[in-house]
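Reading the structure
If you want the building blocks of each chain, they are given just below.
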Amino acid sequence: MFPSVPLLQQIGLAILLTVTVGWAVGQARIVRGHRFEIPSTNGPRPLLRAVPRQTGPAGPPSERVELSAAEREAFAGLVRQLDGNERH
């Protein structure tokens, strides 16, 4: 093949190329085989049009934390700072 490359390197290159082509063909077959497969379910499942609510009777309860007056003022200052309406 190549006169300046040793025979052992040429054999290694041929093996590597063969394995690579075999891997690519295998991946293509796997993808093609699973493309039109319908997942099996135990019954009909409705398609979700949006993310369901996370609170309420089916979800975890809402959390509420009471803030002190200083914490409320610090939060209000942070909001003003982020809005760019800082009043000194």
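To keep things clear, this report deals only with the structure shown in the data block. (Residues numbered from 1 in each chain as written. Predicted model: local features only at pLDDT ≥ 70, side-chain atom pairs only at ≥ 80, totals over all residues. Heavy atoms only, no water.)

**Here we look at the overall build of the chain**
Looking only at helices and strands, one finds two helices and zero strands in the chain. Across the 88 residues of the chain, 2% fall into the buried class. As displayed, the chain offers around 9000 Å² of accessible surface, 63% of which is attributable to carbon and sulfur atoms. (Helix = DSSP H or I, 4+ residues; strand = E, 2+ residues; numbered from the N terminus. Buried < 20%, exposed > 50% of the residue type's maximum accessible area, 1.4 Å probe, protein only. Areas by Shrake-Rupley, 256 points an atom, 1.4 Å probe, with all protein chains shown as cover.)

**Quick notes on helix 2 (residues 69–83)**
Taking 1.5 Å as the rise per residue, helix 2 with 15 residues should run 21 Å; its terminal C-alpha atoms sit 21 Å apart, in good agreement. Two residues or fewer past helix 2, Gly84 is found with a positive phi of approximately 90°. (Expected span 1.5 Å × (residues − 1).)

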